[in-house]
Amino acid sequence: MTILIDSSTEILLVALHSVTSSTFRQTKTGLNHAQKILEDLQGLLEETGTTPEQLSGIGCVLGPGSFTGLRIGLCTAKGLAEGWKIPLFGLDSLRAMAEAAVLAQPSDQYFLPVIDARKGRFYGQLFQKSQPVTEPVDFTPEEFLRWQNESVVLCGYQPQLLKARLEELQKWPPGWKVCEGWNEQQGATWAQYLTHQVPAQEVVGQREILGPFAGPRYLRASEAEEAKS
């Protein structure tokens with residue numbers, strides 16, 4: 001059994017995953033994840049009758065996403081992994097979002113999961129099916145037009161925000177679309193697909209295990225870091 005934590009967006013997700021099943025809780029906290037993360041984890045373990053001795057590892061989303069949210073999730077995961085003496089490994093939010101979209105709308109098109117990065121910017125990464133074809137980037141809508149010659153399906157948590165901004169700029173490329181059936185009320189539906197990144201119990205040890213000094217994967221400096229420079 002492995003615990004999964006995704007605190008990269010406004011929706012906090014914690015899950016308990018085994019080879020045969022997955023159980024999860026999701027709460028839209030508005031990035032106040034610290035108030036709910038341990039409560040939800042404890043509730044999930046009690047609900048499923050799982051003890052720490054039955055856990056083989058913890059998977060935590062490293063980014064991209066909210067600076068504060070990622071720190072809360074990773075600090076919690078590190079503490080639990082240390083206390084329970086189980087390995088900690090990283091997960092990728094954008095990959096999970098792309099996989100969810102591909103399964104919902106199979107095609108050979110390009111998929112672009114989108115997360116609001118604030119300050120008029122977005123996080124995204126281009127995938128073909130569920131395979132990355134670019135590195136994750138932090139971009140403005142204007143910069144985003146580098147992909148306008150591709151047939152792209154916007155997906156992930158907040159694709160409508162990017163679509164609206166491109167329409168304001170009168171730059172919405174013909175042939176582009178938003179993943180069918182997606183809306184914000186579905187919340188962290190993609191997070192179920194984080195389980196695709198989790199190995200069966202017997203191969204957890206073959207993954208790259210995160211050390212005590214591992215940090216979130218930021219695509220730009222935080223406000224605090226910018227203030228120091």
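Residues numbered from 1 in each chain as written. Predicted model: local features only at pLDDT ≥ 70, side-chain atom pairs only at ≥ 80, totals over all residues. Heavy atoms only, no water.

A. The arrangement of the overall build of the chain in detail. Counting secondary structure elements, the chain contains six helices and 12 strands. Of the contacts made within the chain by residues no fewer than 6 positions apart, 63% connect residues no fewer than 24 positions apart. Of the roughly 11000 Å² that the chain leaves accessible, carbon and sulfur atoms contribute 49%. (Helix = DSSP H or I, 4+ residues; strand = E, 2+ residues; numbered from the N terminus. Contact = heavy atoms within 4.5 Å. Areas by Shrake-Rupley, 256 points an atom, 1.4 Å probe, with all protein chains shown as cover.)

B. Local environment of the confidence of the model for the chain. Counting all residues, the mean pLDDT for the chain is 80, and 81% of those residues have values of 70 or more. Note that residues 199-206 has pLDDT below 50 and, in this model, 11 contacts with residues that lie over four places away or in other chains. (pLDDT = per-residue confidence, 0-100.)

C. Summary view of the sheet that holds strand β1 (residues 2-6). Sheet architecture is open: five strands sit in the order β3-β2-β1-β4-β5, paired in mixed fashion. Of all the strands in the sheet, just β3 (22-28) and β5 (88-92) have a single pairing partner and so form its edges. Sheet twist, expressed as the average angle between the axes of neighbouring strands with direction ignored, equals 20 degrees. Direction of pairing for strand β4 (residues 57-63) relative to β5: parallel, over a ladder of five bridges. Across the sheet, the residue bridging to Val 61 is Leu 91, located in β5. Packed on one face of the sheet, helix α1 (residues 37-48) meets β1, β2 (11-17) and β3 and runs near 30 degrees to β2. The sheet contacts of helix α2 (residues 67-84) involve β1, β4 and β5, and relative to β4 the element is tilted by about 160 degrees. (Pairing = 2+ DSSP bridges. Axes fitted to C-alpha atoms, helices over the stretch in contact; angles between N-to-C directions.)

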